[in-house]
Amino acid sequence: LLGPAMAPTINPTKGNNIMQITLNSLSDYNAGRLIWKTFDLSGMDKEDYLLAISNWLASVDVKRGDGEVREEWNVADIEDIPHNFVGDYDLDDDFWAYKEALEASYLDEEVFAAAMAAGINIDRVEDSYRGQWDTDFDFAVDWFNEVCMHDVPDFLVGYIDYEAYARDLMDEFTESGGHYFYNC
């Protein structure tokens, strides 16, 4: 239940970040040669990514002509990919679920980062997200006004203890980086 005051802000710059990963040919790296390639992951799924790596390594084999078969790689650099999805040698399998959910969502990367920090499953981010506020108190006031105020007579409004309400309300919500998520 989101009212106009509580609707999530859609990031107008969403989509301007380009997820990229730079990989080294591992056998060349171990031999002291830096043979690397940067992959733009836009529009790629895991299968496309692995195929692109395979094609790149095969092209290095042909170009170098040294008879070596290159089959392994390591990560040299990343751009706009959360570090928790990157190992020394490749992307974590969970990255692809994250990427798919992010691309399909109207929410921006900051919301997904906050959700991951709060331990919220990627597939529950949109359903549980309530918006961004500076404090639990601000969240509670807005929530009360949107959800409960219609049931409170005007003469009682001044008696509402929003601080106590905020403490109780946070049993049902999780906050991470100013972003609020319903504990569903």
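Right above here is the structure, for reference.
It should be emphasised that the depicted structure is a prediction, and the values quoted were computed from it without experimental measurement.

Draft legend 1. Geometry of the sheet that holds strand β2 (residues 36–40). Strand order in the open sheet made by the three strands is β2-β1-β3, with antiparallel pairing throughout. The open sheet has two edge strands with one neighbour each: β2 and β3 (73–79). Neighbour-to-neighbour, the strand axes of the sheet open up by a mean angle of 25 degrees, direction not taken into account. Bridging between strand β1 (residues 20–25) and β3 involves six bridges; their strand directions are antiparallel. By the bridge assignment for β3, S25 is matched with W73.

Draft legend 2. Looking closely at the packing of helix α6 (residues 136–148) against helix α7 (residues 162–169). At their nearest, the axes of α6 and α7 sit 9 Å apart, and the two run at 90 degrees to each other. Between α6 and α7, the crossing angle belongs to the class labelled roughly perpendicular. Contact with α6, carried on its side by D136, F137, F139, A140, V141, W143, F144, N145 and C148, involves Y162, E163, Y165, A166 and L169 of α7 and no other residues of that element. Each residue belonging to the contact of α6 with α7 can be placed in one class, and the counts come to 11 nonpolar, one polar and two charged.

Draft legend 3. Examining a negative patch on the surface more closely. The grouping of D45, E47, D48 and E100 at the surface amounts to a negative patch. With respect to the secondary-structure elements, E100 resides in helix α3 (residues 94–104).

Rules used throughout
- Residues numbered from 1 in each chain as written.
- Predicted model: local features only at pLDDT ≥ 70, side-chain atom pairs only at ≥ 80, totals over all residues.
- Heavy atoms only, no water.
- Pairing = 2+ DSSP bridges.
- Helix = DSSP H or I, 4+ residues; strand = E, 2+ residues; numbered from the N terminus.
- Axes fitted to C-alpha atoms, helices over the stretch in contact; angles between N-to-C directions.
- Parallel < 35°, antiparallel > 145°, perpendicular 65-115°, else oblique.
- Contact = heavy atoms within 4.5 Å.
- Nonpolar A, V, L, I, M, F, W, Y, C, P; charged D, E, K, R; others polar.
- Patch = residues over 30% accessible without salt bridge, like charges linked within 9 Å, V, L, I, M, F, W, Y side chains within 5 Å.
- Areas by Shrake-Rupley, 256 points an atom, 1.4 Å probe, with all protein chains shown as cover.
- Salt bridge = Lys/Arg side-chain N within 4 Å of Asp/Glu carboxyl O.
- Lys, Arg positive; Asp, Glu negative; His and termini not counted.
- Charge placed at Lys NZ, Arg CZ, Asp CG, Glu CD.

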